[in-house]
Every structure is written in structure tokens, then in C-alpha cells.
Amino acid sequence: MKKQIYTISIYTENNLGLLNRISSIFLKRHINIESLTASSSEIENVTRLIIVAHLTEEKVKKVIGQIEKQIEVIKAYYHTNEESIYIQSALFKIKSNLLFDERQIQNIIKNSNAQIVTVSPEFFVIEKSGRKEEIDALYDELLPFGIMQFVRSGRISVTKEEMKISELLKKQLN
Amino acid sequence: METLTKAKKTTKKEKTLKIKGAEAVVKSLLAEGIDLIYGYPGGAIMPVYDEFYKYQDKLHHVLTRHEQGAIHAAQGYARVSGKVGVAIATSGPGATNLMTGIADAQIDSTPVVCITGQVGSNLLGSDAFQETDIVSMSTTVTKWNYQITKASEIPEVLAKAFYIAKSGRPGPVLIDITKDAQFGELDFEYKKCKKIRSYNPIPEMDITQVLAAAELINKAKKPFIIFGQGVILANAEEELKELIEKADIPAASTLLGLSAIPTEHEFNMGMVGMHGHYAPNVLTNECDVLIAIGMRFDDRVTGNLETYAKQAKVIHFDIDPSEIDKNVKTNVAVLGTVKETLAALNPLINSNINKKWHQEFKDLHKIEHEAIIHPEINPTKEKLTMGEVINAINKETKGEAIIVSDVGQNQMFASRYANFKQSKSVVTSGGLGTMGFSLPASVGAKLGAPSREVVAIIGDGGFQMTIQELGTIMQTKVPVKIVVLNNEFLGMVRQWQEMFFDKRYASTVMTNPDFISIVKGYGIKAKRVNKRENLSVAVSEMIASKDSYFLEVIVEKEGNVFPMIPTGATVSDVRLK
């Protein structure tokens, strides 16, 4: 079976130690987590974790089974890139003088739909949200000019299909 | 009448009374119906032990000689009684010493609650004396764990712990309680936990899957059932028996499923797996419908998965959705407790007699009987065999005893040759293979089923891993019968060295102490047997003893357990020699 990128969305109670439990499931099976994001969700007191990993569908199903087995996990799903809408964010810190000396940089920023977040006498910061490939392309273009700092966030995504978490929670309590 | 009103008054008063966290631990245990716990005191758990002293008429504490002994005893207790076993220890080494047993309980789905003391919450993360991060450490081997840092959390968290340990697929729960939470005060009120919104212990049965299973079973020409511990955990022995008898299906057990159906039942074909019986192993690869009930297709059961029952349609009954398709792809998966799902299935099943299919089992069993079983229990060689010792115990206990085996050859001989008449008669470390399990587990088993005979079967290696628990037996006077099968080898490893490592016996030869002197030092009756003519008398003396009794049997040094499916081999390539 072919390996591919899967986005794993996990709805959980906001409990200390649960992230440890979930990451252990990946570690135990020697699966590398490519990115991980934890945030609040559309439901009060419910956390949403988004984990991106490269694995086969057979394996992702088993991983989902193990994740759902954890007491504080409400529900876990896996989706292919086609089944979800996803982006990542990146910040680039660049020397300010380049903005004036290298006119090209302004064009790069404009063409890549990036935003200038802040400008100071020493440096300026560009923010770019989008797919990983778009961020990578911007990185490649800026690299020759010198990047002082670069950071990219984990993937955040929403699914095309409906998630019936609130209904599920209601059902479990009845 | 007067006492009744008095009692009422006190309970009412208790609700508003401020008590210490440590007392709340004891009151929570009592509220869960716990009257027996196993443990070992130490600094960070002393406030709770102080309460044990006050409540000793209601809550009996068994002092083991090591925390590992405490958890194994709790496991033995849980396995025979179906209740939650409780083990308690201090922080640091006390907590880490529980870990092997926790891992064992996790893999064998045993309901236990472990309570560990922890350094004060102000010291957490400071590398304080006897501080270990037991919550992180136990994460991958517990069903759930939690650290309590405030006294007010105690009743609710313990209620959750017991609910989680026992419900659905059972397992171990660890609750770590900081010392300041034990000293802190709270308004005690205990409410049993009945629901957790993120936890669905019993998946809803899907009747269409039951119908699909029934159709496959009714059409099958060569159906075959493998049942596991799930049947025992769900109390579904009767439902399983009904299915087997109604549909005329040959059935075999996993190691932990043993005793769910009596050994002598005409459709019980024995045990599957690495050292299981010949017929069920071979015919796993001949059946047309394989019905797995409350089992998890462990690698010791399946051998090579690539060649496991490929010809068969597979029906899997289990409570745990993550077990479905985990190792073996199923055609029909029926989720739910097997008690409920088998009860729904049975009315849909037709009688489906295939004498030829049953005959295949009988024929293969005859081969195994002649090649292995008969010579094992009627040996012509001078030295005693493990099989004949188990057979002698069988004769004496008439299959009524609980057999608590350790790990290795002793375990496989006990599982293959012991007779079981009633369910919950087998206590052994299956998934984890924890040497040293048997002696402490037998203590818990006897306390969990006081009216039953409990016989521990242990090798000379495993016996020395938890030999200190003889002290527990001495102090508690729990009348367990202990049989050490002494071959002065780590027998199972030696067997593998003989078969797969050209007899290079690396570190498997044991120089043993005089076990009889040691056991007598603990004030336990002890006898050694090394001759066949003395065996049955010694066994009957042991079984007749009202007190605990130790029997050391000197067995042949290089005996082997057969049949055997070598690691990675196909299940039907089970070797007879």
C-alpha cells in the first residue's frame, strides 16, 4: 500500500498528559509526526489536534483506532489532502536594508501574496500563509538575499465533510 | 432500630464533614466495595497508610514484600473474582516497581487500580527525594492515568478510575496523589462514575453484522471457533457453549481463554498457538469460516500472518474496535460485549452437523496424543516430566483448582495438561510473559476465590524472581499450594537454544539454592520429590494440606514442550518434534 500525507484531526478533552498519550501512539509505531497543532475547537472546552503524517492508509486506520481508544479522545478522523482545506503559516525575518537596496524583494512579496507584518530599522518580518509548497517557493526566492530567521507553523485544516462532534457528545451523555 | 437511625445520622453528618485527602482515598475505596488491597508503604503515601490503620476493620491491607508482588496479587485477585484489584505504593521506586505489573494488566486486559504517592506538588519537577514522573512513565501501559494535586479531586478521580478500569475492555488505571493532596481537606461526597462523555466503553451492536455473521456460519461447511479471554471478561461462557453446541462447531481456546469452556467438553479442541494443540493449529488453515470470539490474534496465536487462515472467511466478535483488522483482516466484524452479541447470534444459528470435519480434529488429535501427550504423561525415561506432574495434580484436584502458572515451559505444560471444569480457573501472564508473576498472583487468586483450591505452577527461574513473596504467604497465612518444576535451567530459553542456536546454552544454566531450606525458613511446609513413585503421594499430601504447601519436583533437565510453531512459521506447520 502506498504511503501518502494524511491529516489526522482529533477532538479531545483539554487534559494534561493527553498529548503525551497521543504522540506515544506514533512513537510506538515508528511514525514520524510531520507537524502538530493544538488549538481550541468550535466546541467549548474541546481541544482540536491536527497531526500530519506520512503513512499508508492501512496504518492510519490502525493509528486512528488506537487514538480513539484513549479515554479523553472524543473522536478522531483522517483525511487526504483532497478531502480537506488546509494551510500553514510562515514568518521570515529579513534585514531591513534589503527592502530598499534590493528592489526585487518587494516584487517577490507582492507576487507571493505575503504580508509585511512589521518593519524596524534593523529588520522586517514577512508573513505568508498557504500551502507548504507556496511557502517553500517563497523561501527559495528569499534565500539568496539572506534570511535571518524562518519559522513555519504546523498545518491547520478544516474538512469538507461535516463533523458531528456536538451530536456525538450529546449522545454519549444520554 | 436505634442503630439504624444512628447510622443515618452519621452518613448525613459525613457529607458536610471536612476530612483529609488520605481519608477520602480510603472512603472512596470503601464506596467502591473494595475491602482488600495489596501494597507497600513509603514516605509519600504514609498519610493514606495512617488511614488504613484507622480503617483496618473495614479495609484489609496485604503487605507484600515488593511492589511488583502487590500488583501481581491484585491482578490474580481481579482475574478470578471479576472485581477490580487495587495496588498501592509510594512514589519513586515504589511506583516504578509497579510498572511491570501494570504493563502486564494492560496487555491482558485486567482491571486494576494503582494508587501511588507523589512528592508534594510544590516539589514537582525539582528532582525531589523519591520523585519520578510516574504519570509520563505509565502513559503507554495504562488505560488511563491521572495525577491528583488537590484533595478535593480525590473522590471524583477515584470514581472515574474504577469506572474506567472495569468498564468496556478492562485495564489498569494509575492514580498518582501528591502528598499535600493527601494532607489537604475536602468536603467528602462520593458519586460513582457511570459515564464519561469522551469514552464509549461498549460499542453499539450492529444487528446487520450479526445477521451477516449468522449467514456465514450457517453456510459454513468447516466452521471453527477460537475463543479468548473476552468470553470470560463478559461472563459469556453460557452463550459460547450454546453456540458451539447448537451449531456443532469445533472450538479452541487462546491461552487466556482457557477454562471458559470445560476441557472435557466434546467440542473443545484444546488450545491454539505456539505450543497449542496440533489439530486446532493445523485446521486453522483448513476451516472455511473462522469465528474469533473475544480474542486479539496475538502473534503467538497466528504465527506468520501472511499464511494465516487465508482460505477462511473471518468473523471477529470483540468489544474493542481497534482490534478489528489490526492483525487479521475480517469479513464480518461484530462489535459489542460478546455476551450481548452471541446472545443475538445464537437464535439465528442452525444446526450444521459435519461429522467429517469433526473427524479431522479427532484424527489429528490422535496423532498428537500418540506422539506427544501419551509419552509425556506416561514416560518410560527415569526422570519425571513436567507433563506428568501436571497430570498428577489434575488427578488430585479433579480439574476443580485454579491453576496460576508462571512463564515458560511450566506455563505451557500447565496450560496443555491441566483440566478445567469451571471458568476463571486460569491465571497466567499471557501477553507480557512476566516471569515471577505466579507466586504473588496465586496469593491474590486465593484471596479472590477463597473457597477454591489454588495451585501455583512455577519454574525454578521464575520462582526466584519473586521468591520474597513467600514472606507475604507466611504473614497472611494464605493457603496457596506452590509447585516448583525444577530443571535447573531457564527451560524455555534453553529449548530455543537447543532448536535454533545449536545448543549453545548461553546463561540458561541455573545454580539453585536449596529451595526446601528457604521455604522452611518462611515457616511453610515443604517437600521435594525426584522419584516417580513418590509423586502422587506428595501431590495428594499437598492438596490435602489446610495450610500453604510447597512442593519442589525435580524434573528432567532438557525436556521440551511440543507441539511448537517456530516464530514466523505458518500455523499449520506446527512441529511435533
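Residues numbered from 1 in each chain as written. Chains lettered and ligands numbered in written order. Predicted model: local features only at pLDDT ≥ 70, side-chain atom pairs only at ≥ 80, totals over all residues.

K.L.:
Can you lay out the overall build of chain A for me, pointing to particular residues and giving the numbers?
P.N.:
A tally of regular secondary structure across chain A gives six helices and nine strands. Against the compact-globule benchmark of 16 Å for 174 residues, chain A has a radius of gyration of 20 Å, which places it well outside the compact range. For chain A, the C-alpha atoms occupy an extent of roughly 65 × 40 × 30 Å along the three principal directions. Classification of the 174 residues of chain A by burial places 25% in the buried group. A sequence separation of at least 24 residues applies to 75% of the contacts in chain A between residues at least 6 apart. (Helix = DSSP H or I, 4+ residues; strand = E, 2+ residues; numbered from the N terminus. Rg over C-alpha atoms; globule rule 2.2 N^0.38 Å. Buried ≥ 20, exposed ≤ 12 C-beta atoms within 10 Å, placed from the backbone. Contact = placed C-beta atoms within 7 Å.)

K.L.:
Describe in detail the nonpolar core, supporting the description with residues and values.
P.N.:
Side chains of a nonpolar character, in soluble globular proteins, are inclined to be buried together. Core analysis: the largest hydrophobic core is formed by 178 residues, its most contacted members being Ala87(B), Val113(B), Ile175(B) and Val483(B). Excluding residues that lie within four positions of it along the chain, Val113(B) makes contacts with Val84(B), Val86(B), Ala161(B), Phe162(B), Ala165(B), Val173(B) and Ile175(B). If you look at the next biggest cluster of nonpolar residues, it comprises 20 residues, including Leu55(A), Val60(A), Val63(A) and Ile64(A). (Core = buried A, V, L, I, M, F, W, Y, C linked by C-beta atoms within 7 Å.)

K.L.:
Describe the domain arrangement of chain A, listing the residues and the values that go with them.
P.N.:
Domain boundaries in chain A define domain 1 (3–83) and domain 2 (86–152). Between the C-alpha centres of domain 1 of chain A and domain 2 of chain A there is a distance of 31 Å. (Domains from an automatic or database assignment.)

K.L.:
Describe the environment of Thr263(B), listing the residues and the values that go with them.
P.N.:
Residue and element names in this part refer to chain B. Note that Thr-263 resides in the loop between strand E10 (251–253) and strand E11 (268–271). For the pair Thr-263 and Gly-436, spaced 173 residues apart in the sequence, the C-alpha separation amounts to 26 Å. If we skip the residues at most four places from it in the chain, Thr-263 touches Asn-268, Gly-399, Asn-419 and Phe-420.

K.L.:
Lay out the pairing of strand E4 (residues 85–89) of chain B with the relevant residues and their values.
P.N.:
Residue and element names in this part refer to chain B. Burial within E4 is extensive, with five of its five residues counted as buried. Neither face of E4 is exposed, since Gly-85, Ala-87 and Ala-89 on one face and Val-86 and Ile-88 on the opposite face are all buried. Where strand E2 (residues 36–39) meets E4, two bridges bridge the pair, whose relative direction is parallel. In the sheet register, Gly-39 faces E4, and the bridge partner there is Ile-88. (Pairing = 2+ DSSP bridges.)

K.L.:
Outline helix H8 (residues 154–166) of chain B, supporting the account with residue identities and numerical values.
P.N.:
Residue and element names in this part refer to chain B. Between its first and last C-alpha atoms H8 spans 18 Å; for 13 residues at 1.5 Å apiece the expected length is 18 Å, and the two agree. Buried within H8 we find Ile-154, Pro-155, Val-157, Leu-158, Lys-160, Ala-161, Phe-162, Tyr-163, Ile-164, Ala-165 and Lys-166. Residues of H8 that are buried in the fold lie against helix H2 (21–31), strand E5 (112–118), strand E6 (144–148), strand E7 (172–178), helix H9 (179–183) and strand E8 (185–187). Gly-168, located one to two residues past H8, shows a positive phi value of around 55°. (Expected span 1.5 Å × (residues − 1).)

K.L.:
Describe the interface of chain B and chain A, naming the residues involved and giving the relevant values.
P.N.:
Of the residues lining the interface, 16 residues belong to chain B; the matching set on chain A comes to 17 residues. Here the side of chain B that touches chain A is built from residues that sort into six nonpolar, six polar and four charged. (Nonpolar A, V, L, I, M, F, W, Y, C, P; charged D, E, K, R; others polar.)

K.L.:
Help me get a handle on the sheet that holds strand E4 (residues 73–79) of chain A, residues and values and all.
P.N.:
Residues and elements named next belong to chain A. Overall, antiparallel pairing links the four strands, which are arranged E2-E3-E1-E4 in an open sheet. The open sheet has two edge strands, strand E2 (33–40) and E4, and neither has a second partner. With direction set aside, neighbouring strand axes in the sheet form an average angle of 15°. Relative to strand E3 (residues 46–56), strand E1 (residues 3–13) runs antiparallel, the two sharing 11 bridges. Residue pairing in the sheet places Ile-5 in a bridge with His-54 of E3. In the packing of helix H2 (residues 57–69) onto the sheet, contacts are made with E1, E3 and E4, and the angle to E4 comes to roughly 170°. (Axes fitted to C-alpha atoms, helices over the stretch in contact; angles between N-to-C directions.)

K.L.:
So what's going on with the domain arrangement of chain B? Which residues, and what values?
P.N.:
Residues and elements named next belong to chain B. Here chain B is partitioned into domain 1 (14–187), domain 2 (207–360) and domain 3 (382–555). For domain 2 and domain 3, the distance between their C-alpha centroids amounts to 31 Å. Listed by partner, the interface residues are 13 residues for domain 2 and 15 residues for domain 3. Of the residues that constitute the side of domain 2 that touches domain 3, the class distribution is seven nonpolar, three polar and three charged.

K.L.:
Account for helix H22 (residues 491–500) of chain B, with residues named and values stated.
P.N.:
Residues separated by three or four positions in an α-helix point in the same direction, a consequence of the helix having 3.6 residues per turn. Residue and element names in this part refer to chain B. Residues of H22 that are buried: Gly-491, Met-492, Arg-494 and Gln-495. Relative to the axis of H22, the buried residues are bounded by an arc of 160° and lie together on one face. Asp-502 sits one or two positions beyond H22 and adopts a positive phi of about 50°. (Arc of directions from axis to C-beta.)

K.L.:
So what's going on with the sheet that holds strand E15 (residues 402–405) of chain B? Which residues, and what values?
P.N.:
Residues and elements named next belong to chain B. Strands sit in the order E16-E15-E17-E18-E20-E19 across an open sheet of six strands; the sheet is parallel. Single-partner strands in this sheet number two, and they are strand E16 (426–427) and strand E19 (525–529). The pairing of strand E17 (residues 454–459) with strand E18 (residues 481–486) spans five bridges and is classified as parallel. By the bridge assignment for E18, Ile-457 is matched with Val-483.

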